[in-house]
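Residue-level listing of the chains:
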Amino acid sequence: MVTVGIIGAGRIGRVHVESICTKVGNARIKSLADPFMNDETAAWAKKMGVENTTKDYKEIIADPEIDAVLICSSTDTHSPISVEAINAGKHVFCEKPIDHDVAKIKEVIDALKKNPVKYQVGFNRRFDHNFEAVKDAVAAGRIGDTHIIKITSRDPEPPCADYVKVSGGMFLDMTIHDFDMVRFLAGCNAAEVYVEAAVLVDPAIGEAGDVDTAVITLKMENGAIAVIDNSRQAVYGYDQRAEVFGSKGMVATGNDAASAAVISNVDGVTGEKPLHFFLERYMDAYAKEIKCFIEAIENNTDAPLGVEDGLQPVLMGLAAKKSLEEHRPVKISEIMV
């Protein structure tokens, strides 16, 4: 039994509390920390089976009974808390991104060199049953050499402008998942990024200094070409699709829906819209990524997504921002410092 402490009791922290308490049998949550911990959250946590709640995350870091720390706090705290936990000998699961600053991610890398603990980054989509099936087909050689990767990622509703201002921008907040997925499906890093983007959904997003619609092309190190299309608003639901085309064929996956039923009658052929929210689509994936993290600790094996997997999508996101600003393709090597 692996004893866990979770830092951050917001939406994603609650997701992991629920996953561990209901679906991960070989882990227990001893403590949940959040600076805004209140009676309501504490009562909910106790009901879920969490033993302790606190406002001070350092109590988790200092607790000798806690084997692993899940960092689900605000993005600006991810890298410093990672370093603290690593130096305390804790295994770490860190929600994406590790940081928006490459230098701070390298501080985490340096800490891991001195402390051989497990470190996993929370890119949950790799654990989705649809994308796993696509990856398995590619890895098995069923489509031959990879030539083209296409990813569609569109949110059902745009975020508020206040969130946009602190999010790091669409490329480091939303598209970062797609950058990780491109690497996952290609089996290699990106070499170059080019972006065309606009504000077509909400003028307030543009006023906050961001974009809400983008097409991103990438040259991968294995020679494949990838295309990502993003929108902050798909009125029909949460649109998450992927396709890999190769020398021997193609593999593709569509959206999950409430059912696969299709009605055909005099009015036309209709089916269900995609699931509306990311928690509906990916709840099982969230549970599976934590199961894999706990198994890596128990079996002393590598975590499925290490610190390098946390670094590369940030480099891609920063390259995308630079491409948009300078209206040109940007090599990942330009971002490496």
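Refer to the structure printed above.
What counts, and where the lines are drawn
- Residues numbered from 1 in each chain as written.
- Predicted model: local features only at pLDDT ≥ 70, side-chain atom pairs only at ≥ 80, totals over all residues.
- Heavy atoms only, no water.
- Helix = DSSP H or I, 4+ residues; strand = E, 2+ residues; numbered from the N terminus.
- Rg over C-alpha atoms; globule rule 2.2 N^0.38 Å.
- Buried < 20%, exposed > 50% of the residue type's maximum accessible area, 1.4 Å probe, protein only.
- Contact = heavy atoms within 4.5 Å.
- Areas by Shrake-Rupley, 256 points an atom, 1.4 Å probe, with all protein chains shown as cover.
- Lys, Arg positive; Asp, Glu negative; His and termini not counted.
- Charge placed at Lys NZ, Arg CZ, Asp CG, Glu CD.
- Axes fitted to C-alpha atoms, helices over the stretch in contact; angles between N-to-C directions.
- Parallel < 35°, antiparallel > 145°, perpendicular 65-115°, else oblique.
- Left-handed = near helix turned anticlockwise from the far one by under 90°.
- Nonpolar A, V, L, I, M, F, W, Y, C, P; charged D, E, K, R; others polar.
- Arc of directions from axis to C-beta.
- Core = buried A, V, L, I, M, F, W, Y, C linked by side-chain atoms within 4.5 Å.
- Salt bridge = Lys/Arg side-chain N within 4 Å of Asp/Glu carboxyl O.
- Pairing = 2+ DSSP bridges.
- Bend = angle between axes of the 7 residues up to and from the residue.
- Phe/Tyr/Trp six-rings, centres within 6.5 Å; stacked < 30°, edge-to-face > 60°.
- Lys NZ or Arg CZ within 6 Å of the ring centre and 35° of its normal.

Enquirer: For this particular structure, what's the right way to read the overall build of the chain?
Expert: When its secondary structure is counted, the chain shows twelve helices and 15 strands. Since a compact globule built from 337 residues should have a radius of gyration of about 20 Å, the 20 Å found for the chain is in line with a globular shape. Overall, the C-alpha framework of the chain stretches about 60 × 55 × 45 Å when taken along its three principal axes. Burial status across the chain gives 52% buried among its 337 residues. Excluding contacts between residues fewer than 6 apart, the proportion of contacts in the chain whose partners are at least 24 apart in sequence is 72%. Counting every atom, the chain has about 15,100 Å² of accessible surface; 52% of that belongs to carbon and sulfur. Between the centroid of the 36 positive side chains of the chain and the centroid of its 51 negative side chains there is a distance of 3 Å.

Enquirer: Looking at this structure, how should I read the packing of helix 1 (residues 11–23) against helix 11 (residues 278–299)?
Expert: Running from N to C, helix 1 and helix 11 point in directions that differ by 60°, and their axes come no closer than 9 Å. Judged by the inter-axis angle, helix 1 sits oblique to helix 11. Judged by the sense of rotation from one axis to the other, the crossing of helix 1 with helix 11 is right-handed. Residue-level contacts link Arg11, Ile12, Val15, His16, Glu18, Ser19, Ile20 and Lys23 of helix 1 to Phe278, Leu279, Met283, Asp284, Tyr286, Ala287, Glu289, Ile290 and Lys291 of helix 11. Tallied by class, residues from the contact of helix 1 with helix 11 come to nine nonpolar, two polar and six charged.

Enquirer: It is not clear to me how helix 2 (residues 39–48) should be interpreted in this structure. Could you clarify?
Expert: An α-helix turns once every 3.6 residues. As a result, residues three or four positions apart point the same way. Taken as a whole, helix 2 has its buried residues at Thr41, Trp44 and Ala45. Here the buried residues of helix 2 occupy an arc of 100° about the axis, which is enough to place them on one side. Along helix 2, exposed side chains directed more than 90 degrees from the buried face belong to Asp39, Lys46 and Lys47. Contact partners of the buried residues in helix 2: helix 1, strand 2 (27–33) and strand 3 (52–54).

Enquirer: Whenever I open this one, the nonpolar core confuses me. Can you help?
Expert: A general trend in soluble globular proteins is that nonpolar side chains are found buried together. Tyr119, Phe171, Leu218 and Met220 are the most contacted members of the largest nonpolar core, which totals 75 residues. When near neighbours in sequence (up to four residues on either side) are disregarded, Phe171 contacts Ile176, Phe179, Val195, Ala197, Val211, Ala214, Ile216, Gly317, Ala320, Lys321 and Leu324. Counting residues in hydrophobic clusters, the runner-up holds 22 residues, among them Ile6, Met37, Trp44 and Phe293.

Enquirer: Got a minute to help me understand the pattern of salt bridges in this structure?
Expert: All told, the structure shown has 26 salt bridges when counted by the stated rule. Note that Lys30 is salt-bridged to Asp63, the shortest N-O span being 2.9 Å. Taken together, the residues span a long stretch of sequence, with Lys30 in strand 2 and Asp63 in the loop between helix 3 (58–62) and strand 4 (68–71) at a distance of 33 residues. Where salt bridges share partners, they join Arg28, Lys30, Glu51, Asp63 and Glu65 into one cluster.

Enquirer: What am I meant to see in the sheet that holds strand 9 (residues 213–220) here?
Expert: Adjacent strands of a sheet form backbone hydrogen bonds with each other and so pair up, either parallel or antiparallel. Taking strand neighbours across the sheet as the criterion, the seven strands line up as 12-11-7-10-9-8-15 in an open arrangement whose pairing is mixed. Here the strands that pair on one side only, and so sit at the sheet edges, are strand 12 (249–253) and strand 15 (330–331). Where strand 8 (residues 190–198) and strand 9 come together, eight bridges link them in antiparallel fashion. Bridging from a neighbouring strand, Tyr194 pairs with Thr217 of strand 9. Set on the sheet, helix 6 (residues 129–139) makes contact with strand 7 (146–154), strand 11 (239–246) and strand 12; between it and strand 12 the angle comes to about 165°.

Enquirer: How should the sheet that holds strand 2 be read in this particular structure?
Expert: On the basis of which strands lie adjacent, the open sheet formed by six strands has the order 3-2-1-4-5-6 and parallel pairing. Looking at strand neighbours, the two that pair on one side only are strand 3 and strand 6 (119–122), the edges of this open sheet. Looking at each pair of strands side by side, their axes are set apart by 20° on average, direction ignored. Helix 11 rests against strand 1 (2–7), strand 2, strand 4, strand 5 (91–95) and strand 6 of the sheet, and its axis sits at about 160° to strand 5.

Enquirer: For this particular structure, what's the right way to read the environment of Met48?
Expert: Locating Met48 in the fold gives a position in helix 2. Along the chain, Met48 and Thr22 lie 26 residues apart, while their C-alpha atoms are 8.5 Å from each other. Not counting the four nearest positions on each side in its chain, Met48 is found in contact with Val17, Glu18, Cys21 and Thr22.

Enquirer: Would you take a moment to explain helix 4 (residues 75–87) for this structure?
Expert: Most pronounced at Ile81, the bend in helix 4 amounts to some 25°. Listed as buried for helix 4 are His78, Ser79, Ile81, Ser82, Val83, Ala85 and Ile86. Elements in contact with the buried residues of helix 4: strand 1, helix 3, strand 4, strand 5, helix 5 (102–114) and strand 6. After helix 4 finishes, the residue Gly89 shows a positive phi value of roughly 80°.

Enquirer: Honestly, the environment of Ala208 in this entry has me stumped. Any pointers?
Expert: Turning to its location among the elements, Ala208 is positioned in the loop between helix 10 (203–207) and strand 9. Every residue in contact with Ala208, bar those within four places of it in the chain, is listed here: Ala161, Val164 and Lys165.

Enquirer: Help me understand the packing of aromatic side chains in this model?
Expert: Two descriptors summarise a pair of aromatic rings, namely the distance from one centre to the other and the angle between the planes of the rings. Applying the stated criterion across every chain, the model contains three aromatic pairs. Relative to Tyr282, the ring of Tyr238 lies with its centre 6.0 Å away and its plane at 85°, an arrangement referred to as edge-to-face. Taken together, the positions of Tyr238 in the loop between strand 10 (225–231) and strand 11 and Tyr282 in helix 11 put the pair 44 residues apart, joining distant regions of the chain. Taken individually, Tyr238 and Tyr282 each receive the classification buried, so the pair is uniform in this respect. Just above the ring of Trp44 sits the side chain of Arg14; from NZ or CZ to the centre is 4.4 Å. Positioned above the aromatic ring of Phe184 is the side chain of Lys135, whose terminal nitrogen or guanidinium carbon lies 5.4 Å from the ring centre.

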